[in-house]
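# Observations on chain architecture
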Amino acid sequence: MATVELYLVRHGQTYLNKYHRIQGWSDSPLTAKGIADAKRAGERLAKIPFAAAYASDTTRAQNTAKNILAANQTPVALTTEPAFREENFGYFEGLDTGLTWHTLGTPVGLDSFNAMIKELTIEKTKDMFHAQDPFGDAEDNAMFWARVQPGLDHAIAAAKDGDRILIATHSTTIRSIVSKYSDIDVSVPVDNGSITKITVKNGKYKVNDYNNSEGKIK
């Protein structure tokens, strides 16, 4: 089986990020800082010869990927992949982040998203959001992975041995992948424009670097 390197990049800052609103499957444009985030990631990845490039079907991820690829020395087409969307927060989409995390977490003694992930795990946090959503639209952990894992499997299966793949995606998606395949503390937030590198060899995932915003990529 092939050895494939995945370079997961969180999209640049958006207006909903700037306003501290829950984004999820909702979308908003990149801010000026967000464009700079994407260009900075592009500069850091300019010498990586990508064999394929994917982005979720949100404009924020696609525009981030386009800025990265514009700086890359190896031309490659961008493929849109809905599997790489952010977690669906259902009813809570668009709400103020601080207020929402406080409302959901305070009954169990936790008042922030990072605290919930730290104490409950990111997997159980998804289940809690789904249980609290009055419409039942928020993804639980099983629903999330039923969407994301086939996308990863497809990208890896389509690759050749030694291929490097760019995936422009989202914070909780990256945190969830890293949580599933490593013991890294994912209560540490993922920065806009940061790079997370994962090597997949013979079907086994190894997280080489998480949330790398400015240092050399391992």
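Quick note: structure is the one above.
Basis of the calculations
- Residues numbered from 1 in each chain as written.
- Predicted model: local features only at pLDDT ≥ 70, side-chain atom pairs only at ≥ 80, totals over all residues.
- Heavy atoms only, no water.
- Pairing = 2+ DSSP bridges.
- Helix = DSSP H or I, 4+ residues; strand = E, 2+ residues; numbered from the N terminus.
- Axes fitted to C-alpha atoms, helices over the stretch in contact; angles between N-to-C directions.
- Contact = heavy atoms within 4.5 Å.
- Core = buried A, V, L, I, M, F, W, Y, C linked by side-chain atoms within 4.5 Å.
- Buried < 20%, exposed > 50% of the residue type's maximum accessible area, 1.4 Å probe, protein only.
- Salt bridge = Lys/Arg side-chain N within 4 Å of Asp/Glu carboxyl O.
- Phe/Tyr/Trp six-rings, centres within 6.5 Å; stacked < 30°, edge-to-face > 60°.
- Patch = residues over 30% accessible without salt bridge, like charges linked within 9 Å, V, L, I, M, F, W, Y side chains within 5 Å.
- Areas by Shrake-Rupley, 256 points an atom, 1.4 Å probe, with all protein chains shown as cover.
- Parallel < 35°, antiparallel > 145°, perpendicular 65-115°, else oblique.
- Nonpolar A, V, L, I, M, F, W, Y, C, P; charged D, E, K, R; others polar.

### Side note on the sheet that holds strand S4 (residues 164–169)
One open sheet accounts for six strands, arranged S3-S2-S4-S1-S5-S6; its pairing is mixed. Bordering the open sheet on either side are strand S3 (78–80) and strand S6 (204–212), each of which pairs with just one other strand. For this sheet, the mean angle separating the axes of adjacent strands, direction not counted, is 20 degrees. The pairing of strand S1 (residues 3–10) with strand S5 (residues 195–201) spans seven bridges and is antiparallel. Pairing of Val4 across the sheet is with Val200, part of S5. Running over the sheet, helix H7 (residues 141–157) touches S1, strand S2 (52–55), S4, S5 and S6 and is turned about 105 degrees from S6. Contacting S1, S4, S5 and S6, helix H8 (residues 171–181) crosses the sheet at an angle of about 135 degrees to S6.

### Here we look at the nonpolar core
Ranked by size, the top nonpolar core spans 38 residues in total, and within it Leu6, Phe129, Leu152, Ile165, Ile167 and Ile198 carry the most contacts. The element that contributes the greatest number of residues to this core is H7, accounting for six residues. Every residue in contact with Ile165, bar those within four places of it in the chain, is listed here: Val4, Glu5, Leu6, Tyr7, Phe50, Ala52, Tyr54, Ala155 and Ala159. Counting residues in hydrophobic clusters, the runner-up holds eleven residues, among them Ala41, Ala53, Leu69 and Ile195.

### Considering the pattern of salt bridges
As enumerated under the stated definition, the model contains eight salt bridges in all. For the salt bridge of Lys118 with Asp185, the shortest nitrogen-to-oxygen distance reads 3.0 Å. With Lys118 in helix H5 (residues 113–120) and Asp185 in the loop between H8 and S5, the pair connects residues that are 67 residues apart, well separated along the chain. What you see here is one network of salt bridges that share partners, running through Glu5, Arg164 and Lys197.

### A few points about the packing of aromatic side chains
Throughout the structure, instances matching the rule amount to 13 aromatic pairs. Pairing Tyr54 with Phe84 gives two aromatic rings, centres 6.1 Å apart and planes at 80 degrees, and the pair type is edge-to-face. Here Phe84 lies in the loop between S3 and helix H4 (97–105) and Tyr54 lies in strand S2, a separation of 30 residues in the sequence. Between Phe89 and Phe129, the ring centres sit 5.7 Å apart and the planes meet at 55 degrees, which makes this aromatic pair tilted. Residue Phe89 is found in the loop between S3 and H4, and its partner Phe129 is found in helix H6 (residues 122–132); the two are separated by 40 residues along the sequence. Residue classification places Phe129 among the buried positions, given a relative accessible area of 1%. Ring pairing ties together the aromatic residues Phe89, Trp101, Phe113 and Phe129, which thus form one cluster.

### Here we look at unusual backbone geometry
Comment: phi is negative for the bulk of residues other than glycine, and the bulk of peptide bonds are trans. In this structure, His20 takes a positive phi of about 60 degrees despite not being glycine. Structurally, His20 is set in the loop between helix H1 (15–18) and helix H2 (32–44). Here Asn211, not a glycine, exhibits a phi torsion of approximately 55 degrees, which is positive. Tracing the backbone through its elements, the reader meets Asn211 in strand S6.

### A short note on a nonpolar patch on the surface
Taken together, the side chains of Tyr91, Leu95 and Phe135 make up a nonpolar region of the molecular surface, amounting to roughly 320 Å² of accessible area. Within the fold, Phe135 resides in the loop between H6 and H7. Assessed through its relative accessible area of 60%, Phe135 is described here as exposed.

### Quick look at the packing of H6 against H7
H7 packs onto H6 with a crossing angle of 115 degrees between their chain directions and a minimal axis gap of 8 Å. Compared by their axis directions, H6 and H7 come out roughly perpendicular. Along the contact surface, H6 presents Glu123, Lys126, Asp127 and His130, while H7 presents Asn141, Met143 and Phe144. Considering only residue class, the contact of H6 with H7 consists of two nonpolar, two polar and three charged.

### Quick word on the packing of H7 against H8
Look at H7 against H8: their axes get within 12 Å of each other, and the N-to-C directions meet at 80 degrees. Relative to H8, the element H7 is oriented roughly perpendicular. Of the residues in H8, those in contact with Phe144, Trp145, Val148, Gln149 and Leu152 of H7 are Thr172, Thr173, Ser176, Ile177, Lys180 and Tyr181.

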